[in-house]
2 protein chains.
Amino acid sequence: MNGHQVANIKQKKADIVSVATAANVSTSTVSRYFNHPELVKLVTRRRIETAVRKQGYIRNRAAQTIHGIRSGTIGVIVPTLDHAIFAEVVQSFSDTVAEQGFTILLASHGYDQQREYAILRKMLEHRVDGIVLTGLDHDDAVFRLIDSQTIPSILMWNYADDTRYPSIGSDNNSAGAMIAEHLLSQGHRDIACMFPPTRGNDRAQARFSAVMETLTDAGVSVPDHWQLTTVYSISDSKRDTLKLLNRTDRPTAIICGNDILATGALYGAAASGLRVPDDISITGIGDFKGSAEIEPALTTVRIPAKRIGSEAGLALSSAIINPGSVTTGLHCKPTLMIRSSSKPLNRE
Amino acid sequence: MNGHQVANIKQKKADIVSVATAANVSTSTVSRYFNHPELVKLVTRRRIETAVRKQGYIRNRAAQTIHGIRSGTIGVIVPTLDHAIFAEVVQSFSDTVAEQGFTILLASHGYDQQREYAILRKMLEHRVDGIVLTGLDHDDAVFRLIDSQTIPSILMWNYADDTRYPSIGSDNNSAGAMIAEHLLSQGHRDIACMFPPTRGNDRAQARFSAVMETLTDAGVSVPDHWQLTTVYSISDSKRDTLKLLNRTDRPTAIICGNDILATGALYGAAASGLRVPDDISITGIGDFKGSAEIEPALTTVRIPAKRIGSEAGLALSSAIINPGSVTTGLHCKPTLMIRSSSKPLNRE
DNA sequence: AATAGTTTTGCAAATGTTTTCATGAATGGA
DNA sequence: TCCATTCATGAAAACATTTGCAAAACTATT
């Protein structure tokens, strides 16, 4: 009867104690086996290894973490993963830090600053070793909360040199200015702008204001009805473009706040029977996958997402591993990609 | 001098003890304040609240976790985030489980089964409360490792009813069969196929074999030089399509393994001067963002990524919260989206 | 005012590890 | 063979919490 009972007993979860018992050593030795194997005699190592394998023991990082040992996690907070470009930057960040043994704790706030704060708190409860925020603008409470901790933190995606934490990314002002200058240099004066809502989106905000400023400085003004606010979506942008192009007064160029909008604009132009770039020039910002292959290939400003992600990963993981070191920001410069969707204006 | 020293002392990190001291209660009471506030008297609650705020105390989930309390994390392993479609499914999964208080621990293995195993181990070290794998096929060691734990696990993205863990997703066999049948029903017999490498990718594998089987059953055979293996990339697919279409023998339709390949194929056709669908029909699988808006709008099979992500999130979080319950798989059916990139063959 | 019941709190043990220090076991040199 | 090293291991304290149990502090009832 007792035997029966024993057989029924749920094999208790393996822990360091059960492994130690099985291997006939103390828990200290098992701990050392994992953390400083060179301090453990070979034959003992073998015994422990066997016990570990037999029991299927998996170390408990939570128990390590309460000793002040790093959790091995990095909190990454993005607005959304639904935009391919953020997914790309997260991917390369994740790959980079994974090489250093970190795993990422990922969450998105959907452009809601309240949620960002709540997510950050939760990540701190998990004792992440570092924090990555997307963009430069955040609720002051977010900054204060991070300040109150001792973990390194960086701002990824945008760059500016006067930021609260080191920023690694591209300067969206230059990106906006570049594309505006490009069209101006091609002789365009009748220019429409299509940008996503700028609220809670400092990237879009910076791009938009840089474009407008560049145009204004050149004496070009954009009438209100040529300033479109369109959510990040090919279909919305296609629709709005169609509406814009069906008016009697047509711009000779459309500056789009990102490549998704530009893609929709390209489709809209095609649908309304206009030829790009002969009848109208269209530009994007971002240089997303596919922008070089679309017909016509899109003129845009390349924001090097992969590079940003890996630089940020490198910077943050070394800040974690080497707490004394100073982490500095890094400007991953945007570059103008002139392709076939824009061309000099033919004055007749 | 003493005052000076005190001012210099690094304010020690707040923990439950320091909060308890400041609030003049025991640590038990502080713990209860967080976990069972209704058991704590109102005025005591107030005192604790003040102390917590003043010290900026943040609970340590690691310390909770070693008491067998859930970690509040779910491990999500995907092949890559670089494909918009995985990013989308992760996004909606994450949103769904976030509502239940879970945060996701995310990692990608880049279609490498060894890496998947290593990632899984790491996630178990973090004591995730549940595991999500992408696709049906995994190394047996992966399954055995999960089996040895007591946490729930699901397979996301694909569906089949004979899987080792509940699967939530679409049946890629039907998806492949659907699109092949569609083209057959339109009279196409000269059909080329362009698929990504199927190694380590059960989705692509299932789609491809279903397509081939459907065609063969209908008496249509695809010559070798019309079977293209092309990596997931618009530019590669555009290039390969161009090459294919420059031959003297041209198919009347191309079945692409996913919408990215199909997009590239569309561009390739445009670049080679062919009109879609008049000269050639092109189809995708996936119905990615933008596939409905591209010119011509892509005929494809819709795999409901958002729905898959949220159903999986729902299923897994309830399996975690309610450990007794049985989790069943769910087939999120693919649907044929007939748009403008395919049309019945004109026999002349 | 005494009693019984209820609510609130604290003590102490427990969780799964790491780490410091101390001890015992080998090893090498004389 | 003995002593001084060096190497390998263990005991126990520490980490930041939770929780079962018991004591204390209230309330309500008589």
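Everything below is about the structure printed above this text.
From a predicted model like this one, the values you see are computed outputs, not experimental measurements.

For chain A, the count of helices and strands is 13 helices and 12 strands. Its C-alpha atoms give chain A a radius of gyration of 27 Å, clearly above 20 Å, the size a compact globule of 348 residues would have. Oriented by its inertia axes, the alpha-carbon framework of chain A measures out at about 100 × 45 × 35 Å. Expressed as a percentage of the 348 residues in chain A, the buried residues total 55%.

Here we take up the protein's contact with DNA strand D. Of all residues adjacent to DNA strand D, which total 28 residues, the nearest are S26, T29 and T44 of chain A together with S31 and H67 of chain B. In the interface set of DNA strand D, defined as its atoms within 4 Å of the protein, sugar plus phosphate atoms amount to 64%. Contacts to DNA strand D include K41 of chain A, whose backbone N or O atom sits 3.0 Å from a phosphate oxygen. Within the contact set of DNA strand D, a phosphate oxygen lies 2.8 Å away from a backbone nitrogen or oxygen of I16 of chain B. Elements with a minimum of two residues in the surface near DNA strand D: α3 (27-35) of chain A together with α3 (27-35) and α5 (61-65) of chain B. Broken down by element, the residue count for the surface near DNA strand D peaks at four residues, all from α3 of chain B. Split by residue class, the surface near DNA strand D holds nine nonpolar, 13 polar and six charged.

Now for the sheet that holds strand β3 (residues 130-134) of chain B. Spatially, β11(A)-β5(A)-β4(A)-β3(A)-β1(A)-β2(A)-β2(B)-β1(B)-β3(B)-β4(B)-β5(B)-β11(B) is the arrangement adopted by the 12 strands of the open sheet, whose pairing is mixed. The outermost strands of the open sheet, each flanked by one partner alone, are β11 (330-331) of chain A together with β11 (330-331) of chain B. Across six bridges, the pairing between strand β1 (residues 73-78) of chain A and strand β2 (residues 103-108) of chain A is parallel. By the bridge assignment, V76 of chain A is partnered in β2 of chain A with L106 of chain A.

Near DNA strand C, the surroundings consist of 27 residues, among which I16, S31 and H67 of chain A together with T29 and T44 of chain B are the closest. Backbone sugar and phosphate groups make up 61% of those atoms of DNA strand C lying within 4 Å of the protein. For DNA strand C, a phosphate oxygen lies 2.8 Å from a polar atom in the side chain of Y57 of chain A. With respect to DNA strand C, the side chain of R32 of chain B contributes an N or O atom lying 2.8 Å from a base nitrogen. Those elements giving two or more residues to the surface near DNA strand C turn out to be α3 and α5 (61-65) of chain A together with α3 of chain B. If one sorts the elements of the surface near DNA strand C by residue count, α3 of chain A sits on top with four residues. Along the lines of polarity and charge, the residues of the surface near DNA strand C split into nine nonpolar, 13 polar and five charged.

Residues and elements named next belong to chain A. Relative to the 24 Å expected for 17 residues at 1.5 Å per residue, helix α13 (residues 305-321) spans 24 Å between its end C-alpha atoms, a close match to the ideal helical length. Within the sequence span of α13, burial applies to A305, I308, G309, A312, G313, A315, L316, S317, A319 and I320. Tucked inside the fold, the buried residues of α13 contact β1, α6 (84-99), β3 (130-134), β4 (153-158) and β5 (167-170).

On to the pattern of salt bridges. All chains considered together, the criterion is met by 36 salt bridges over all chains. Two residues, D140 of chain A and R144 of chain A, come together in a salt bridge whose shortest N-O distance is 2.8 Å. Of this pair, D140 of chain A and R144 of chain A both sit in helix α8 (residues 140-147), four residues apart, which is roughly one turn of that helix. The class for R144 of chain A is partly exposed, based on a relative accessible area of 48%. Several salt bridges share partner residues, and in doing so they unite D82 of chain A together with E88, K289 and K306 of chain B into one network.

Moving on, we get to the nonpolar core. As a rule of thumb, nonpolar side chains are buried together in soluble globular proteins. Residues F93 and I282 of chain A together with F93 and I282 of chain B are the most contacted members of the largest nonpolar core, which totals 132 residues. Beyond its immediate stretch of four places on either side in the chain, I282 of chain A contacts I254, C256, A262, A265, L266, A269, V276, L298, T299 and S341 of chain A. The next biggest cluster of nonpolar side chains, apart from the first, holds 39 residues, and it includes F143, L145 and I151 of chain A together with L155 of chain B.

Now for the relation of the copies chain A and chain B. Note on the copies: chain A fits chain B at an RMSD of 0.1 Å, the axial shift is 0.1 Å, and the rotation between them is 180°. The superposition of one copy onto the other is thereby described by a two-fold rotation axis. Comparing interface residues between copies, 100% of those in chain A also sit at the interface in chain B, which points to an isologous, same-surface contact.

Residue and element names in this part refer to chain B. With six of its six residues buried, strand β4 (residues 153-158) lies for the most part within the structure. Strand direction decides the pairing type here: β3 and β4, joined by four bridges, are parallel. Paired with V132 across the two strands is I154, which belongs to β4. In the classification by handedness, the crossover that spans β3, the intervening helix α8 (residues 140-147) and the parallel β4 is right-handed. Pairing between β4 and strand β5 (residues 167-170): four bridges, direction parallel. Residue pairing in the sheet places M156 in a bridge with I168 of β5.

Here we take up the packing of aromatic side chains. All told, the structure shown has 10 aromatic pairs over all chains when counted by the stated rule. Ring centres of F34 of chain B and Y57 of chain B lie 5.8 Å apart, and the angle between their planes is 50°; this geometry places the pair in the tilted category. Of this pair, F34 of chain B sits in helix α3 while Y57 of chain B sits in the loop between α4 (42-55) and α5, and the two are 23 residues apart along the sequence. Of the residues examined, F34 of chain B reaches a relative accessible area of 25% and is grouped as partly exposed. With a centroid separation of 5.6 Å and 50° between ring planes, the pair formed by F143 of chain B and Y165 of chain B is classed as tilted. Of this pair, F143 of chain B sits in helix α8 while Y165 of chain B sits in the loop between β4 and β5; the two residues are 22 residues apart in sequence, bridging distant segments of the chain. Given the relative accessible area of 11%, Y165 of chain B is considered buried. Taken together, the ring pairs connect Y33, F34 and Y57 of chain A into an aromatic cluster.

In this section: the environment of L261 of chain B. Residue and element names in this part refer to chain B. Here L261 shows up in helix α12 (residues 259-271). Residue class for L261 comes out buried when judged on its relative accessible area of 0%. L261 sits 67 residues away from M194 along the chain, and the two C-alpha atoms are 7.4 Å apart. Those residues in contact with L261 that lie beyond four places of it in its chain are M194, F195, P196, T230, V231, Y232, S233, S237 and C256.

Procedures and definitions
- Residues numbered from 1 in each chain as written.
- Chains lettered and ligands numbered in written order.
- Predicted model: local features only at pLDDT ≥ 70, side-chain atom pairs only at ≥ 80, totals over all residues.
- Heavy atoms only, no water.
- Helix = DSSP H or I, 4+ residues; strand = E, 2+ residues; numbered from the N terminus.
- Rg over C-alpha atoms; globule rule 2.2 N^0.38 Å.
- Buried < 20%, exposed > 50% of the residue type's maximum accessible area, 1.4 Å probe, protein only.
- Near = heavy atom within 4 Å.
- Polar contact = N/O pair within 3.5 Å; in protein donor to acceptor, adjacent residues only side chain to side chain.
- Nonpolar A, V, L, I, M, F, W, Y, C, P; charged D, E, K, R; others polar.
- Pairing = 2+ DSSP bridges.
- Expected span 1.5 Å × (residues − 1).
- Contact = heavy atoms within 4.5 Å.
- Salt bridge = Lys/Arg side-chain N within 4 Å of Asp/Glu carboxyl O.
- Core = buried A, V, L, I, M, F, W, Y, C linked by side-chain atoms within 4.5 Å.
- Least-squares fit on C-alpha atoms with pLDDT ≥ 70 in both.
- Right-handed = clockwise from strand over helix to strand, strands pointing away.
- Phe/Tyr/Trp six-rings, centres within 6.5 Å; stacked < 30°, edge-to-face > 60°.

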